[in-house]
Amino acid sequence: MQAHGGVLTEWDKLCIWKLIGLSSLTTLLECAIYHPLWVLKTRQQLDKSLTVSHTKQTFALMHTLVREEGITRGLYRGFWPGTLGTIPPYSAYLVVYQFTKYSLARDPCPTFIQSTSPLIAGIIAEIIALGMYVPVDVVVQRMQLTHNVGKSALVVGRQVLHEEGLRGLFRGAFIAAQSYMLASATWWLVYEHTKCQSYRFYDRWFAQRQSRANDHDDVDASAPHGNVPRLLHPDIAHKTISFACGFVAGTASTIVGLPLDVVKTRIQSTGAYSGTWHGLQMIWRTEGIRGLTRGV
């Protein structure tokens, strides 16, 4: 693992097929856990009449969906088409991201390009993946609409093609690109730099602890890392740091991209606005900050 411009790169040690296989499994697991939350978020963003707090919205909506439609038809509506449609673009996204980041984070690229390589790589990877993902996103979001309850993804997709043509499947592609690229660039920039700085801080702390232990002859020679507790060993600590940095990056990208995500959902589902700026203006005027943060 190498650090260039403050960014860790791993392309030279990466097994592409292993990455694709693991990303497919993790995507399936992630969708199984988070799909109900995505359904709730989409419903909240589409319903302009909700005025209670976000927490009350979520629990009230979840109770209503489970009571009226059941868990499978309500909270997991669109799960399989959404999941299977997400795996190919996400795999492509990861491969493009890793290769682009590795290419930009080393000489002869300027220092500025090296330090911002996660941001640039995230944007490029998102553009590549969007072409595959937007039609899936449109269909699965349309399945959340009340008049499409009970319809399969194939039926909804054919309906969109019949009524709106191919353009319908790519409705909101521009706002989707803006939303996903902003979220992706934010996620990778925050993740890579917080991970790199956290690794450095931990490695300095670990080296100092080892040095103090050596000075006092207080090291257990049979232990692989001296007297450091096992949970603080580098192999475990680095994984824990990566997980924590991913959580921080996810929070940051969600907050930054949420207003655009609200506009995107409404454009793709109902065609409510003529464009990004029009959508942001209308939501701000009619719903205020609560409207721009629906589904948070």
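The preceding data block contains the structure.
So, here's what we can say about the structure.

### Focus on the overall build of the chain
- Looking only at helices and strands, the chain has 10 helices and 2 strands in total.
- When the helices and strands of the chain are placed in sequence order, the string is β-β-α-α-α-α-α-α-α-α-α-α.
- Across the chain, the fraction of contacts at a sequence separation of at least 24, relative to all contacts at a separation of at least 6, is 72%.
- Surface summary for the chain: the accessible area is close to 15,900 Å², and the carbon and sulfur share equals 66%.

### Describing the nonpolar core
- Residues Tyr93, Leu94, Tyr97, Trp188, Tyr191, Tyr202 and Ile241 are the most contacted members of the largest nonpolar core, which totals 16 residues.
- Breaking this core down by element, the ones donating at least two residues are helix 3 (79-104), helix 5 (117-142), helix 8 (173-215) and helix 9 (234-270).
- Residue contributions to this core peak at 5 residues, all from helix 8.
- In terms of nonpolar packing, the next biggest core, distinct from the first, is built from 8 residues, Ile175, Val262, Ile267 and Ile283 among them.

### Observations regarding the packing of helix 5 against helix 9
- Axis separation between helix 5 and helix 9 bottoms out at 9 Å; the angle between their running directions is 75 degrees. The orientation of helix 5 relative to helix 9 falls into the category roughly perpendicular. Across the interface between the two elements, Val134, Asp137, Val138, Gln141 and Arg142 from helix 5 touch Lys264, Thr265, Gln268 and Ser269 from helix 9.
- Among the residues forming the contact of helix 5 with helix 9, the class breakdown is 2 nonpolar, 4 polar and 3 charged.

### Notes on helix 10 (residues 276-292)
- Taking 1.5 Å of rise per residue, the 17 residues of helix 10 would be expected to cover 24 Å, yet its terminal C-alpha atoms sit only 12 Å apart, more than 12% below that figure.
- Its axis deflected by about 105 degrees at Thr286, helix 10 carries its strongest bend there.
- Among all positions of helix 10, only Thr276, Gly279, Ile283, Glu287, Gly288, Gly291 and Leu292 are buried.

### Comments concerning the packing of aromatic side chains
- Enumeration according to the criterion identifies 11 aromatic pairs in this entry.
- When the ring of Tyr133 is compared with that of Tyr180, the centres are 5.7 Å apart and the planes differ by 70 degrees; the resulting orientation is edge-to-face. Here Tyr180 lies in helix 8 and Tyr133 lies in helix 5, a separation of 47 residues in the sequence.
- Plain terms: the ring middles of Trp188 and Tyr191 are 6.0 Å apart, the flat faces sit at 80 degrees to each other, and that makes the pair edge-to-face. A residue pair is termed a helical-turn pair when its members lie 3 or 4 positions apart in one helix, as Trp188 and Tyr191 do in helix 8 at 3 residues.
- A relative accessible area of 9% places Trp188 in the buried class.
- In this structure Tyr191 comes out as buried when scored by relative accessible area, which is 12%.

Rules used throughout
- Numbers given to residues run from 1 along each chain, matching the order in which its sequence is written.
- Side-chain atom pairs in this predicted model are given and counted only at pLDDT of 80 or more, local residue features only at pLDDT of at least 70, and totals for whole chains, interfaces and linings cover all residues.
- The side-chain values count all of the structure's non-hydrogen atoms but skip hydrogen atoms and water molecules.
- Here a helix means four or more residues in a row that DSSP labels H or I, a strand means two or more in a row labelled E, and each is numbered from the N terminus.
- Note on definitions: a residue-residue contact is assigned when non-hydrogen atoms from the two residues lie within 4.5 Å.
- Areas reported as accessible are Shrake-Rupley estimates using a 1.4 Å probe. Residue values count occlusion only from the protein chains shown.
- By convention a nonpolar core is built from buried Ala, Val, Leu, Ile, Met, Phe, Trp, Tyr and Cys residues, the set being connected through side-chain atoms within 4.5 Å.
- Accessibility here uses a 1.4 Å probe with only protein chains present; expressed as a share of the type maximum, an area under 20% marks a residue as buried, one over 50% as exposed, and anything in between as partly exposed.
- Here, axes are lines fitted to C-alpha atoms. For helices the fit covers the stretch in contact, and angles between N-to-C directions go from 0 to 180 degrees.
- Orientation is classified from the angle alone, with under 35 degrees giving roughly parallel, over 145 giving roughly antiparallel, 65 to 115 giving roughly perpendicular, and any other angle giving oblique.
- All amino acids are sorted into three groups, where Ala, Val, Leu, Ile, Met, Phe, Trp, Tyr, Cys and Pro are nonpolar, Asp, Glu, Lys and Arg are charged, and the leftover types, Gly among them, are polar.
- Between the first and last residue of a helix there are one fewer steps than residues, each counted as 1.5 Å, and that sum is the expected span.
- Note on bend: the value at a residue is the angle between axes fitted to the seven residues ending there and to the seven starting there.
- Pairing of aromatic side chains requires ring centres within 6.5 Å, counting the rings of Phe and Tyr and the six-membered ring of Trp. Pairs whose planes differ by under 30 degrees are stacked, by over 60 edge-to-face, and all others tilted.

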